[in-house]
Amino acid sequence: MFERYVRAGAVTRDAAALAELFTVDGVIEAPLVPAGHTYPRRLEGREEIREAMAAHYRRPVRADRTLNVAGTRYALHTTVDPDVFVAEIDTAFDGGAGPTTMSLVQIFRLRDGKIALLRDYFAPEEVE
């Protein structure tokens, strides 16, 4: 599930594919994003996820860096609840100023093989 999520969201930026990974009533929360930021703080429902992420993906990507998939590292942590896992991620970027990394943590709660809740903890200034 995690690799499918990363492919749809970070690699191909395919909002429809991303939204299909969620339950109909699925939720994405980004609790560290301040109100009024361009990145949505909370999305409720597959359709809202699809629409908001499509709008986000239409925004220009940062010109000063590109995603380095091969250099990105992650660790998945299981919990006592088999439907919950935590992803600890160091996303690598290449740019004119040299390589950089954005560290983040995501908590996934699954239901019936789909994402019911994703809590995404990252530095909001890293996302335009």
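Residues numbered from 1 in each chain as written. Predicted model: local features only at pLDDT ≥ 70, side-chain atom pairs only at ≥ 80, totals over all residues. Heavy atoms only, no water.

## Points about the overall build of the protein
Piece 1. Of regular secondary structure, the protein possesses 3 helices and 7 strands.
Piece 2. In the protein, the succession of α and β elements from N to C terminus is α-α-β-β-α-β-β-β-β-β.
Piece 3. Relative to a compact globule of 128 residues, whose C-alpha radius of gyration would be 14 Å, the protein shows 14 Å and is just as compact.
Piece 4. With respect to the three principal axes, the spread of C-alpha positions in the protein is 45 × 30 × 25 Å. (Helix = DSSP H or I, 4+ residues; strand = E, 2+ residues; numbered from the N terminus. Rg over C-alpha atoms; globule rule 2.2 N^0.38 Å.)

## Considerations on the pairing of strand E1 (residues 22–29)
Within a regular beta strand, the side chains point alternately toward one face of the sheet and then the other, so they alternate between its two faces.
Piece 1. Counting buried positions along E1 yields 6 of 8 residues, so the element is predominantly enclosed.
Piece 2. Pairing of E1 with strand E2 (residues 42–44), which is carried by 3 bridges, proceeds in the antiparallel orientation. Note that in E2 the partner of Glu 29 across the bridge is Arg 42. (Buried < 20%, exposed > 50% of the residue type's maximum accessible area, 1.4 Å probe, protein only. Pairing = 2+ DSSP bridges.)

## Here's the deal with the nonpolar core
Piece 1. One finds Tyr 5, Leu 18, Phe 22, Ile 49, Met 53, Phe 108 and Ile 115 to be the most contacted residues of the largest nonpolar core, which totals 27 residues.
Piece 2. Dropping the residues within four chain positions of it, Met 53 is found in contact with Ala 15, Leu 18, Tyr 39 and Leu 43. (Core = buried A, V, L, I, M, F, W, Y, C linked by side-chain atoms within 4.5 Å. Contact = heavy atoms within 4.5 Å.)

## Let's talk about the pairing of strand E7 (residues 114–121)
Piece 1. Judged from the 4 bridges that link them, E1 and E7 form a sheet pairing that is parallel. Across the sheet, residue Phe 22 finds its bridge partner in E7, namely Ile 115.
Piece 2. Judged from the 7 bridges that link them, strand E6 (residues 100–111) and E7 form a sheet pairing that is antiparallel. Bridge pairing links Ile 107 to Arg 119 in E7.
Piece 3. Where E6 hands over to E7, the hairpin turn is made up of 2 residues, of which Asp 112 adopts a positive phi near 55°.

## A short note on the packing of aromatic side chains
In this description, an aromatic ring pair is defined by two values, namely the gap between the centres and the angle between the planes.
Piece 1. All told, the structure shown has 5 aromatic pairs when counted by the stated rule.
Piece 2. Centroid distance Tyr 5 to Phe 108: 5.4 Å. Interplanar angle 85°. Geometry classified as edge-to-face. One end of the pair, Tyr 5, is in helix H1 (residues 2–11); the other, Phe 108, is in strand E6, with 103 residues separating them in the sequence. Of the two residues, Tyr 5 and Phe 108, neither departs from the other in class, the shared state being buried.
Piece 3. Between Phe 85 and Phe 108, the aromatic rings sit 4.6 Å apart at their centres with planes inclined by 5°, giving stacked as the arrangement. With a gap of 23 residues between them, Phe 85 in strand E5 (residues 84–95) and Phe 108 in strand E6 connect regions that are remote in the sequence. For the pair Phe 85 and Phe 108, a shared accessibility class is recorded, and that class is buried.
Piece 4. When the ring centre of Phe 93 is taken as origin, the NZ or CZ atom of Arg 65, which lies over that ring, is 3.8 Å away. (Phe/Tyr/Trp six-rings, centres within 6.5 Å; stacked < 30°, edge-to-face > 60°. Lys NZ or Arg CZ within 6 Å of the ring centre and 35° of its normal.)

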